[in-house]
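What follows is the residue order along each chain.
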Amino acid sequence: MNPWTEVTARIDAGGGNKLAPFLATLDEHGRRAVADQLPGYLSERLAQGWEGRRWVQDRTDAFRIAGAACLNGAAQVAAWLNRRDLRWVREPEADAARILALIGDRPAAWREDLAVRLVERVRPPSGSASRLMENGVPGWDLAAGLVLETGIEPPDSDAFTAGWLWRLVRRHWMNQGTPDALAGDPLPALPPLLTSPEDLAWELEALRWPDGPPQFERILAALIELTHRDRDAVAQALRPWWHKHWRQPFDPTTYVYGISGFDRTTHALLMRCALAVVAPADSRKLSALLADHRRGHPDYDPPIQLLVQRRLREVVEMLEAGRSVPVLLATPTSPTGHVDAETLIERMERMERLEGAEPLQADFHQALLRLPREIDPRAAVRAEGLTSRAGRTLAEWLRRGGLPDPEVTVGMQTAQRPYAHWNTSADHYITVREMYVRIAPPAGVPEPVAELCTGPATALYDVEQTVWWPAVMPSHREVVAAHLLETLTLDIDSSGGGGEVLAALVHGDGPVGAATASALAIGMGNKHPAQRGAAVDTLVTLTARGQLPAADLGQAVARLADAGLVKLNRITAAMDEATTAGAHAAVWCVLLRALPPLLPRTGDMPRAGLGELLAVAVKAATLSGQRAGVPGLAEVAARGGSSRLVQEARRLQQQVSR
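Just so we're clear, the structure is a prediction, and the values are computed from it rather than from any experiment.

### Let's talk about the overall build of the protein chain
Looking only at helices and strands, the protein chain features 34 helices and 2 strands. Pairs at least 24 apart in sequence give 75% of the contacts found in the protein chain among residues at least 6 apart. Total accessible area on the protein chain stands at roughly 28600 Å², and carbon and sulfur atoms take up 51% of it.

See the structure below:
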């Protein structure tokens, strides 16, 4: 069929869901054919008056992805996406995801050029509040996605920051625009299962960095189940992907010594899982070289990340050997990463129908860690009927009520550290105040599980991999937060500082305490507004659930600010956003604990930015109607002069004394 005819038919049908897979199949000739016709087709429709404009409005997402996929230059694509008729889309996040998938094979310089052009065209919000709350800042979602993918430095402009603020507004705005109610931040539903090799091939092609665990798990589960049913059909469907993404003729040394991360990153390991199906001989050669390389270069990742890697490596090994299993046990049944107990038992029963079958070991341990904290007693009874070794372990695990909560301890310590990582001579050490974390594992759990409950964690330099951690232990948020702490501290000035991981973490279950609070304080102290915005998401979600460890958070803010690990002005900006989003009572409780150790004593110089933090406290106390006294506040309010600190101290003292 003529490419342009097919594209117009799919545009006419409405929506980009069915158009995107077709666009991904076009070669250069097909894309050029579409690019030649598309602008004129849009103009013809718009020339039909208000009916034509309404028709285009209903198909904006389809026009946008067609132009992004087929127009040639980055300048052309940027101009197309920024047309007034095409800027507003009903689902900006979905629109951004489709476009990012379709332009993923463009050269890096091309995508960086497009990122810069789109970022420059992001404008501060204008128009009606209702339209903005529904759609966000026009063009921001795609621009932000390209910033993440390309690694260009995100701007600190008002327009780009507004995108993060409106993201908060969309998620947390209260009834009638007033702070009388606070909404939690819901996770998106799990994507539907993939049911055909062709769907699997499309999703694998569309997967881009950074990995989204739900989409990733969906692809991995489909690869396993479809391969078990008909390996030849899956291999056939994946051949175009194989030829496109793996250098031909295949040279495994390229992926061991020339391209890093092929035995560590989740994205590369998933690619290897698929390679093991479509080209097992190539995969075995690569695995052998990587194993040799790993023996001389041991893993330095934290245990929580090692479990993710082991689970993928064992899938590669199984597929390379020509074996298969009917199902992966640990595939989540909830957006949080949890696996329903009844579903897990059903999967175990499927495994046991295969004579002598035992599940993959790391997958089994991951499934145990993903069980919810509350389990129907009937599930535990049903599990007693399992006969395999793993089945008996599962039954015992359910009888015991799952993994007991490990003990997590967080504090501050004085340490000697080298002034620079490249110079560790004795005369280049300095005394620093730093945070420490300890995790003590419970007794009687399998060794691979106990490893995850042991701390402190070592530093992880690929911070984007932490996106997996909340779903590794979704019933033990405090343990995950403890593993995150060192990474967050190292990357406090990074645009990839882990704020989104915090926002995902709190949707799980289990206690939250000093580790979660400290991770949240570090997130609020990040240099970049986007990361601070994600930390505010976390605070608001915990508040809406009635789970915010306010006292721990206040103590963490004071400790980290005193040690110079976070800047007070960044904490203030985050607290102000949270207050605006409706978490005013929670912010007041946090500041009630944070302010006393931060207030200057008689004769002391005040901290920079403390007056602005007191202004946020005034707002939070006023909105929440709180009257609790703040130790040390009266002394500051009684100081002479008219500095911002003294003025705000007087206002706060007046508010809490009414």
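Once you've had a look at it, read on.
### Some thoughts on the packing of aromatic side chains
Any aromatic ring pair is given by two values, namely how distant the centres are and how the planes are angled relative to each other. Taken as a whole, this structure holds 11 aromatic pairs when the rule is applied. The interplanar angle of 70° and the centroid separation of 6.2 Å between the aromatic rings of W55 and F63 together place this pair among those described as edge-to-face. Judged by its relative accessible area of 17%, W55 falls in the buried class. Ring centres 4.7 Å apart and planes at 85° place the aromatic pair F216 and W468 in the edge-to-face group. With F216 in helix α13 (residues 213–229) and W468 in the loop between α23 (447–452) and α24 (469–472), this residue pair connects regions lying 252 residues apart in the sequence. Residue W468 is classed as buried on the basis of its relative accessible area of 2%. Three or more aromatic residues link up through ring pairs in this structure, and these residues are W241, W246, F250, Y255 and F262. When the ring centre of W55 is taken as reference, the NZ or CZ atom of R45 above it lies at 3.8 Å. The ring of W110 has R106 sitting right over it, with the charged end atom 4.2 Å from the ring centre.

### Notes on the nonpolar core
Formed by 149 residues in total, the largest nonpolar core has its most connected members in W246, L394, M473, M524, L553 and L652. In terms of residue count, the dominant contributor to this core is helix α16 (residues 266–278) (10 residues). Excluding its chain neighbours within four sequence positions, the residues that come into contact with L652 are W588, L595, L614, A617, V618, A621 and L633. In this structure, L19, A74, L81 and L114 belong to the second largest nonpolar core, which totals 49 residues.

### Comments concerning helix α28 (residues 529–544)
Between the first and last C-alpha of α28 there are 22 Å, a value that for 16 residues agrees with the 22 Å anticipated at 1.5 Å per step. Within two residues after α28, G546 carries a phi angle of roughly 70°, on the positive side.

### Quick look at the side chain of T516
Residue position: T516 is located in helix α27 (residues 514–524). The class for T516 is buried, based on a relative accessible area of 3%. Contacts of T516, omitting those with residues within four sequence positions, involve R477, E478, A481 and L542.

### A few points about the pattern of salt bridges
Per the stated rule, a full pass over the model turns up 31 salt bridges. The closest approach of N and O atoms between R311 and D363, which form a salt bridge, is 2.8 Å. Remark: D363 occurs in helix α20 (residues 361–369) and R311 occurs in helix α18 (residues 303–320); sequence separation between them is 52 residues. Since its relative accessible area comes to 5%, R311 is described here as buried. Among the residues examined, D363 registers a relative accessible area of 2% and is labelled buried. Ionic pairing is found between E384 and R399, a salt bridge with its closest N-O pair at 2.6 Å. Highlighted residues: E384 in the loop between α21 (377–383) and α22 (389–400) and R399 in helix α22, separated in sequence by 15 residues. We classify E384 as partly exposed; its relative accessible area is 41%. For R399, a relative accessible area of 53% puts it in the exposed group. Beyond isolated ion pairs, a larger network of salt bridges with shared partners links E217, R311, D363 and R370.

### A look at α16
Three- or four-residue spacings in an α-helix give side chains the same orientation, since the helix completes a turn every 3.6 residues. The terminal C-alpha atoms of α16 lie 19 Å apart, and with 13 residues this matches the ideal 18 Å at 1.5 Å per residue to within 8%. Where α16 is concerned, the buried positions are T266, A268, L269, L270, M271, R272, C273, A274, L275, A276, V277 and V278. Contacts from the buried residues of α16 go to α12 (197–206), α13, α14 (231–245), α17 (280–296) and α18.

### A look at the environment of Q647
Mapped onto the fold, Q647 is located in helix α34 (residues 644–656). A relative accessible area of 40% means that Q647 is categorised as partly exposed. Note: C-alpha distance between Q647 and A615 (32 residues apart in sequence) is 9.1 Å.

### Things to note about the confidence of the model for the protein chain
Averaged over the protein chain, the pLDDT score is 86; the fraction of residues at 70 or greater is 87%. Within the protein chain, helix α9 (residues 129–135) has the poorest average pLDDT of any element, 45, and α20 the best, 97. Every residue in residues 127–134 is under pLDDT 50, and counting partners more than four places away or in other chains gives 13 contacts. Low pLDDT, under 50, characterises residues 172–180; the stretch is placed with 20 contacts to residues that sit more than four places away or in other chains.

Analysis parameters
- Residues numbered from 1 in each chain as written.
- Predicted model: local features only at pLDDT ≥ 70, side-chain atom pairs only at ≥ 80, totals over all residues.
- Heavy atoms only, no water.
- Helix = DSSP H or I, 4+ residues; strand = E, 2+ residues; numbered from the N terminus.
- Contact = heavy atoms within 4.5 Å.
- Areas by Shrake-Rupley, 256 points an atom, 1.4 Å probe, with all protein chains shown as cover.
- Phe/Tyr/Trp six-rings, centres within 6.5 Å; stacked < 30°, edge-to-face > 60°.
- Buried < 20%, exposed > 50% of the residue type's maximum accessible area, 1.4 Å probe, protein only.
- Lys NZ or Arg CZ within 6 Å of the ring centre and 35° of its normal.
- Core = buried A, V, L, I, M, F, W, Y, C linked by side-chain atoms within 4.5 Å.
- Expected span 1.5 Å × (residues − 1).
- Salt bridge = Lys/Arg side-chain N within 4 Å of Asp/Glu carboxyl O.
- pLDDT = per-residue confidence, 0-100.

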